[in-house]
Amino acid sequence: MFFLLSLSSTSAAGAAIAASNFISLSKKSLSLHYLSLIKTARKPYSCSQFSTTMSINLNSHAFAGNPIRLKTPKSSDPFSPTSAFQTLKTLLLSHTHEPSSPDFKVLPFRKGRPLVGSVCDASGSGGKPSWHLGWLSLGECRAFLENSEVNLNEDSLVYLGFTAEDDDVYWAIDVSEATGLVSEFGARQFCFVELRTLMVATDWIDAKAMGELAVAGHARALLEWHTSSRFCGYCGAKTVPMDAGRRKSCSNELCKRRVYPRVDPVVIMLVIDKENDRALLSRQSRFVPRMWSCLAGFIEPGESLEEAVRRETWEEAGIEVGEVVYHSSQPWPVGPSGIPCQLMVGFFAYAKSLEINVDKEELEDAKWHSREDVKKALTFAEYKKAQRTAADRVDQICKGVEKGQNLSADFSVESGELASMFIPGPFAIAHHLISSWANQVVVNGAETHSKQPGSSLSSL
Ligand SMILES: [Zn+2]
């Protein structure tokens, strides 16, 4: 709680959007049996498209639209966490290697990084590489872990969801302690790659790839929460996983407190000067050069979303906000360490006062930008190039060509050579808040959504 409160007065969320990406993995690869997980799953969003202003039309943000957890099954359902868990337990106890129904797919994670492979798709896309999750069957998982420090047991697996169409149940396992697995997977061209890197490397017009990113984000958030909730906050006793890892319970018979996965809400807002048709963009010292974004901050206990928007804007930029209008929200499982998953709640915040008074402890700078300047920043940004660069890099790492390295420099690719400023890429809600506003049509002072095909997130 202390940690959460200490962060609430900083704009950690905003910084998280811009923080550098690292490919953690040391390379070494190998080939695993890759299962095309989302092949029959329902498509939660349609393709995006570009307009001349580089506005991107998505129906779902990055990390949202997870295709294997669209509904919570009843406990009697064979795909419910409880039923799937019982089947898993039976299989583990019997040590059977027979195929089971439902079928189990297990996704290993190491220090928050999912196992991935990369393939070049030659069909119509010019051989561009795309990453995919490295799902293992239960048998493969058992074989890999046989001589490792990780026990494949009911406590180490976390239920992710199912696809009834495929009769598949998906699990995640934390294999951080099994250092030998890195080289073992590496020999098969599979690597553990930082989720932020995968986020940048994901082609947002590829619904399947976006689905895999959402699955990986959900799994990472759950595993991170398991790691950070090993002891009961009330009595200090150990906690034990319940309901196939979907919640935990205190092991102390006198306490038995239930603990649920943690989500930390964050407000992120584009502050708008309606009268002069401008938007407030800000920079944090941790941002890459020339990148400007929205204001953001954690919600404090006892505060409404609207109050948090007004308080953060006042504290960071000295601007008074009147009307607050909800835009959309985004799960953000790649925020500061120790916070398994933030929920970014996006707003348009209409300014009542215009004089900026920057809190230098929170921000490097904040300025009003005209709609034309913001449109220009969107036009110059080379998001697609940055995505391809990251995808190439993941491909090379999986194939053992290149060792893991810092990808932060590639973010500057987004800005293009001519841009004096740019905004975060389409994987961040800030991008869509800003481009939604930039592409609004103003008629006699009233804003309406642009009719052009590229207007962002119109259906969210
Ligand atoms: Zn307890």
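Residues numbered from 1 in each chain as written. Predicted model: local features only at pLDDT ≥ 70, side-chain atom pairs only at ≥ 80, totals over all residues.

- An unreviewed UniProt entry lists the protein chain under the name NAD(+) diphosphatase, with Coffea arabica as the source organism.
- Reading the Catalytic activity (unreviewed entry) entry of the UniProt record for the protein chain gives the comment "a 5'-end NAD(+)-phospho-ribonucleoside in mRNA + H2O = a 5'-end phospho-adenosine-phospho-ribonucleoside in mRNA + beta-nicotinamide D-ribonucleotide + 2 H(+)".
- Quoted verbatim from the Sequence similarities (unreviewed entry) field of UniProt, the annotation for the protein chain is "Belongs to the Nudix hydrolase family. NudC subfamily." (UniProt positions renumbered as here; feature names shortened; annotations may be inferred.)

1. Looking at unusual backbone geometry
A negative phi angle characterises most non-glycine residues, just as the trans form characterises most peptide bonds.
Next up, step 1: Even without being glycine, F63 reaches a positive phi, approximately 80°.
Next up, step 2: With respect to the secondary-structure elements, F63 resides in the loop between α2 (12–18) and α3 (81–94).
Next up, step 3: You can call F63 buried: it has 27 C-beta atoms within 10 Å.
Next up, step 4: Of note, the phi angle at K111 is positive, near 50°, even though the residue is not glycine. (Helix = DSSP H or I, 4+ residues; strand = E, 2+ residues; numbered from the N terminus. Buried ≥ 20, exposed ≤ 12 C-beta atoms within 10 Å, placed from the backbone.)

2. Some words on the sheet that holds strand β10 (residues 258–259)
Next up, step 1: In spatial order, the strands read β8-β9-β10; together these three strands make up an open sheet with antiparallel pairing. A single partner strand is all that each edge strand has here, and the edge strands are β8 (239–242) and β10.
Next up, step 2: Inspection of the sheet shows β8 paired to strand β9 (residues 247–250) by four bridges, in the antiparallel sense. Paired with V240 across the bridge in β9 is S249. (Pairing = 2+ DSSP bridges.)

3. Observations regarding α3
Next up, step 1: Over its 14 residues, α3 runs 20 Å from end to end, which matches the ideal 20 Å to within 8%, given 1.5 Å per residue.
Next up, step 2: Residues of α3 that are buried: P81, A84, F85 and L88. Axial view of α3: buried residues confined to an arc of 100°, hence all on one face. Within α3, the exposed residues directed more than 90 degrees away from the buried face are T90, L93 and S94.
Next up, step 3: Along its buried surface, α3 packs onto β1 (103–110), β5 (157–163) and β6 (168–174). (Expected span 1.5 Å × (residues − 1). Arc of directions from axis to C-beta. Contact = placed C-beta atoms within 7 Å.)

4. Digging into the nonpolar core
Next up, step 1: Of all hydrophobic cores here, the largest spans 111 residues; its most connected members are W171, I268 and V271.
Next up, step 2: For this core, the element with the highest residue contribution is helix α7 (residues 207–228), accounting for eleven residues. (Core = buried A, V, L, I, M, F, W, Y, C linked by C-beta atoms within 7 Å.)

5. Examining the pairing of β1
Next up, step 1: The element β1 is extensively covered by neighbouring structure, given that seven of its eight residues are classed as buried.
Next up, step 2: For β1 and β6, the ladder comprises seven bridges, and the chain directions are parallel. Bridge pairing in β6 places P108 opposite I173.
Next up, step 3: In this structure, β1 lies alongside strand β4 (residues 136–137), joined through two bridges in antiparallel fashion. Residue pairing for β4: K105 is matched across the bridge by S137.
Next up, step 4: Both β1 and strand β2 (residues 113–121) contribute to a ladder of two bridges, which runs antiparallel. Counted as the bridge partner of R110 is R113 from β2.

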